[in-house]
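Close look at the chain arrangement
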Amino acid sequence: MASDSVTSCLSPAVHYRICELGFEKKDSYDINNILSEKGEVCWQAVTEHVCYLESDQSVDYIKSIQSLGPVCECVDSHFRSLTKEEFATQYALWFHWTNSTKLFLEIFDVLQYTQATEVVLGLMKLTSCLERAFGDVYLLIGTDCPFLLRDLLSSEQLAVVFGKAVMDVLRVFIGSPYGLNLRNVLWHGFASPQEIPAKYCAMLLFLTAGLGQLLQMYLLQTKCNFVHRPYVIFISLDELDVFPGNLPVMFCYLADLNHETLSIAEELVKLSSFVLKAMLPFWMAALTAFKQKRYADCVILLLPQLEVGLRLLFTTTNKCPKRLLTAEVNFLPKVIYDTILAKHLHNEEVNQLPAVLEEPAMASFLWDFLNHQEGPRIRDRLSHGEVNLETFPREVANQIVAFAITLLCRFSDGDMFAFKEHIVIKPLMKCASSYCSRFHPVARIKKQVLECMKSIYLWPKLPTVPEEHVQVFKGFQGNDEASTLISVLSEVLSDLQQYMPQNCCSSDDPVNSILTERLLIELGNTRIRTLYSPRPVLEILLVLRKISTQCHQVSEQVITSTELRYKQWMNKTLRSRQRHNYLRMLNSIKLLSPVLRLILVLITLELTNIHLVCKKNPSDYQQYLKFLKSVLQYTENLVTYTSPEKNKWDETMELTNKALMKIRKISNRKLMLMQLVT
C-alpha cells in the first residue's frame, strides 16, 4: 500500500463518530446555561446530554456524542471570546488539581489560533495530564491505581468523588472505545491533524476546570489531603550513550544533533515512503519542536508517527491492509506497538515485520525503549502523564529523532543513496544496524555481572592486618575443608576451561587467576539473541539474575565488614572473640573470592548459550533448573552469613564446599548449557 494513497487511518465508523456525529445537531446553547455567574460549571446541564440505552442503562455513545456536539460548540465559542488574562482569572485556580496549570493555560492559547497540529498536540498533553490527575484522585480512596484510562474512569473511587454521571461524560470523550476515544486515537497515531475538531479540545479544557471545582467541594467535605504522586525521572542517561565493549551505538553521535542533521531529516520526511502524506504536518512540527528545545513536544508528536509508519510496514509486509485503520470494537484487533512487535499475528502466523526491520537491531531498539520493563518505556511514561514535560531530557529526544531518521532512510522509494551516504546520516545508519539490546533481561544480567566483577576486584585492595597475624591464627587456613575446597575448585575450573575464552585463566594458578580482563572483554562483545525469548529462557534468566544480585550483595558486605573490622583492629576496640572472627573472615574471603568469580563465569557462559535451553529434554531441563535454584539458595545463604549482623565465616565455608560439590556433579553430568555445544 503506497503512503500517498492513504488519506485517513480512521475507519468509516470511527471517522463518522469523530468528524461528523457531533455536528449533526444544530441546536444553539447559551454559555450561561452551563456556566454560572460565579464561573462554576453547571454539571446537571452537561450530564443531561448523556443518553442511556433502555436495555441495560449503559451509555448510548452515539446519541451522547450527537447531543453533546452543540454544547462543545458553545464552549469553544465562549473560549474564543475570552482574552488570555480573562481565561486565566476565571479558570486557572480550577486547574491546580492537575498539577499542570501552566499547560492548561497554554492549551487555551493554542485554541485561539486553531492550528490543527498544535490543537492535536495540546489534546494529547491534556489527556495524559488529566489521566495522571485522575490517578491521584483515585488514591484518595483506593490503592493500586488502574493502568488503563478506561478502567480508571469506570472505577467506583472516581464515581464517589465526582459522581457517576460526570464520569459518564468523560467516558464519552476519552474513556471508551465506543465513544470518541480521543486519547487512544491520537496517541496511537490514527488521526491526521484535520480530523480532530478543536471544539473537543475546548470541551475537555472546560470539563477539567469543572472537575477541579467538584474536587474542591469533596476535599472540603471530607477534610482529605490531596497529594500528587512524584513524576518519574529518567535515570542513568549515560546508559543511553555508549554500550560498553561494543561499537559505539547511535547515541554517541547524537550529543550534537545539529541544524544540518535536522534539515536533512525535513527533506527525508517529504521523500520517505515511511511517512503517510496526511501525517506530514506532525513530522514537520516534531522536528520544529526539537529545534525550539521543546523536547517533550517533539517526542509526543513523533512516537505516534513512528507507530503509523511501522503499522504501514506491518500491514504491507503481512498482507493485511485493512488493519492500517482503527479497528472496530468487535472486529480485528487494532494494530499498535505491541501488535507490531509481536512474534505472531492474531491468526498465529509469523509476523514478518521483524525480519524487514533487520532484527535484532531495529526491533530490539523498539523493544528497549518502548516495552521492556526496565527500559525508559517512553511512550507509556508520556501518554500516562508520568513525566514532567518541562524537564523532559534532550538525550531521550535525541534517541527517538535519530532512530526516526534511520527509518526514513531505510524505507524510502527511489534512489536515497545520497542521503544514506551523507556524512551526518551514514554513522546513524551504521550504528542503528548494529544496535544491541540494553534493557532485555540478558543485557541487564551482563551489566550486573560486570558490576559484581568490579566489586570483587576490590577485595585484594582492601586494608588488612599484617600477614603474620593471619598466619598465626590456627583457624580455617590449614584444615582439611580448605584443601578440599581448593581441590574441587581446581577440578571444576579444569573442566570448564575448554568453554572459556583463551587466556582467561592461568594454567599455573587457575583458582586465583580466574576472571581476568580478557573475560570481561569477551562478555561485553558477546552478541546474544534477545528478541522473542521463550518462557524457559526467561525462567532461567530470572534465576541467573537473582544469583548475580546475591553475589554482588555478598561482595559489598565483605567490603563493608573488612573496612570496618580493620579500623576497629587498628583502634584496638575489638574483643578477643571479635579478633578471632575477623582473622577467620580474612582467611575465608581468600577462598570465597575465586568461588564467587567461578559462579560469575558460569553465568557468563550460560548466557552465551542461553538459546540452547529449549533443546534440553524436559527431565534435564528440570534438573538444570533445580541446580540453578540450589546455587541461588547458596548465594542467598551467603548474604545472610556474611552480613555484619551474622559474621558466620565457618558456616560460610561449609556452605561453599557443598555448593562446589553440586557444581562439580552437574558439570560431570554435562547438564550445563555450554556443554550442549560439544
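Keep in mind that this is a model prediction, so the values were computed, not measured. (Residues numbered from 1 in each chain as written. Predicted model: local features only at pLDDT ≥ 70, side-chain atom pairs only at ≥ 80, totals over all residues. Heavy atoms only, no water.)

1. Details of helix H22 (residues 441–457)
With 17 residues, H22 extends 24 Å between its outermost C-alpha atoms, agreeing within 8% with the 24 Å of an ideal straight helix rising 1.5 Å per residue. Restricting attention to buried positions, one finds in H22 the residues Val 442, Ala 443, Arg 444, Ile 445, Lys 446, Gln 448, Val 449, Cys 452, Met 453, Ser 455 and Ile 456. (Helix = DSSP H or I, 4+ residues; strand = E, 2+ residues; numbered from the N terminus. Expected span 1.5 Å × (residues − 1). Buried < 20%, exposed > 50% of the residue type's maximum accessible area, 1.4 Å probe, protein only.)

2. A look at the pattern of salt bridges
Using the criterion set out here, one finds 23 salt bridges in the structure. Here Asp 76 and Arg 80 are joined by a salt bridge, their closest N and O atoms 3.3 Å apart. A residue pair is termed a helical-turn pair when its members lie 3 or 4 positions apart in one helix, as Asp 76 and Arg 80 do in helix H3 (residues 61–80) at four residues. Classification of Asp 76 by relative accessible area gives buried; the value is 9%. Relative accessible area serves as the criterion here: at 33%, Arg 80 is assigned to the partly exposed category. Residue Glu 307 is joined to Arg 379 by a salt bridge in which the shortest nitrogen-to-oxygen separation is 3.9 Å. (Salt bridge = Lys/Arg side-chain N within 4 Å of Asp/Glu carboxyl O.)

3. Some remarks on a positive patch on the surface
Judged by side-chain charge, Lys 626, Lys 662, Lys 665 and Arg 669 come together as a positively charged surface patch. With respect to the element layout, Arg 669 can be found in the loop between helix H30 (649–668) and helix H31 (673–677). (Patch = residues over 30% accessible without salt bridge, like charges linked within 9 Å, V, L, I, M, F, W, Y side chains within 5 Å. Areas by Shrake-Rupley, 256 points an atom, 1.4 Å probe, with all protein chains shown as cover. Lys, Arg positive; Asp, Glu negative; His and termini not counted. Charge placed at Lys NZ, Arg CZ, Asp CG, Glu CD.)

4. Describing the environment of Lys 662
Tracing the chain through its elements places Lys 662 in helix H30. Along the sequence, Lys 662 and Leu 628 sit 34 residues apart, while their C-alpha atoms lie 9.9 Å from each other. In contact with Lys 662, other than residues within four places in its own chain, are Phe 627 and Ser 630. (Contact = heavy atoms within 4.5 Å.)

5. With respect to the packing of aromatic side chains
Aromatic rings considered in pairs are described by the distance between their centres and by the relative angle of their planes. Using the criterion set out here, one finds 23 aromatic pairs in the structure. Here the aromatic rings of Tyr 61 and Tyr 178 are separated by 6.3 Å at their centres, their planes lie at 20 degrees, and the arrangement is stacked. Here Tyr 61, found in helix H3, pairs with Tyr 178, found in the loop between helix H9 (164–175) and helix H10 (182–187); they are 117 residues apart in sequence, far enough to count as distant. Accessibility expressed as a relative area gives 9% for Tyr 61, which makes it buried. Through pairs of rings, three or more aromatic residues link up here, namely Phe 79, Phe 87, Tyr 91, Phe 95, Phe 104, Phe 108 and Phe 206. (Phe/Tyr/Trp six-rings, centres within 6.5 Å; stacked < 30°, edge-to-face > 60°.)

6. Observations regarding the environment of Met 500
Along the chain, Met 500 turns up in the loop between helix H24 (480–496) and helix H25 (510–513). Residue Met 500 is classed as buried on the basis of its relative accessible area, which comes to 9%. For the pair Met 500 and Thr 604, spaced 104 residues apart in sequence, the C-alpha separation works out to 9.6 Å.

7. Some words on the layout of surface pockets
Taken as a whole, the second largest pocket spans an internal volume of roughly 590 Å³. Together, 26 residues line the second largest pocket, and Leu 103, Glu 106, Lys 125, Leu 389 and Glu 390 are the ones closest to its centre. If you list the elements that add at least two residues to the lining of the second largest pocket, you get helix H5 (101–113), helix H6 (116–138) and helix H14 (295–317). Counting residues per element, the lining of the second largest pocket draws most heavily on H6, at six residues. Each of two domains, domain 1 (12–222) and domain 2 (237–434), supplies a minimum of three residues to the lining of the second largest pocket. (1 Å grid on protein atoms, 1.4 Å probe; cavity = no way out; pocket = protein on both sides within 12 Å on 5 of 7 lines; lining within 4 Å. Points joined across faces, edges and corners; volume = space filled by probe spheres on them. Domains from an automatic or database assignment.)

8. A short note on the confidence of the model for the chain
A residue-level look at the chain finds 87% of positions with pLDDT of 70 or above and a mean pLDDT of 85. Throughout residues 242–255 the model reports pLDDT below 50, and contacts reaching past four residues in sequence, or to other chains, amount to 41 contacts. (pLDDT = per-residue confidence, 0-100.)

9. With respect to empty space enclosed by the protein
Across all of its chains, the model carries five cavities of 30 Å³ or more by this definition. Counted as a void, the largest cavity has a volume near 90 Å³. Residues of the lining of the largest cavity, tallied by class, amount to 10 nonpolar, no polar and one charged. (Nonpolar A, V, L, I, M, F, W, Y, C, P; charged D, E, K, R; others polar.)

10. Observations concerning the packing of helix H13 (residues 280–291) against H14
Following both chains from N to C, one finds H13 and H14 inclined at 155 degrees, their axes separated by 8 Å at the closest point. What the angle tells us is that H13 and H14 run roughly antiparallel. Along this stretch, H13 crosses H14, giving a crossing that reads as left-handed. On H14, the residues that touch Phe 282, Trp 283, Ala 285, Ala 286, Ala 289 and Phe 290 of H13 are Tyr 295, Asp 297, Cys 298, Leu 301, Leu 302, Gln 305 and Leu 306. By residue class, the composition of the contact of H13 with H14 is 11 nonpolar, one polar and one charged. (Axes fitted to C-alpha atoms, helices over the stretch in contact; angles between N-to-C directions. Parallel < 35°, antiparallel > 145°, perpendicular 65-115°, else oblique. Left-handed = near helix turned anticlockwise from the far one by under 90°.)

11. Points about the side chain of Ser 64
Summarising the element assignment, Ser 64 is placed in helix H3. From its side chain, Ser 64 meets the backbone oxygen of Asp 60 in a polar contact 2.7 Å long. Once residues lying within four places of it in the same chain are set aside, the contact partners of Ser 64 are His 49, Val 50, Cys 51, Val 59 and Val 172. (Polar contact = N/O pair within 3.5 Å; in protein donor to acceptor, adjacent residues only side chain to side chain.)

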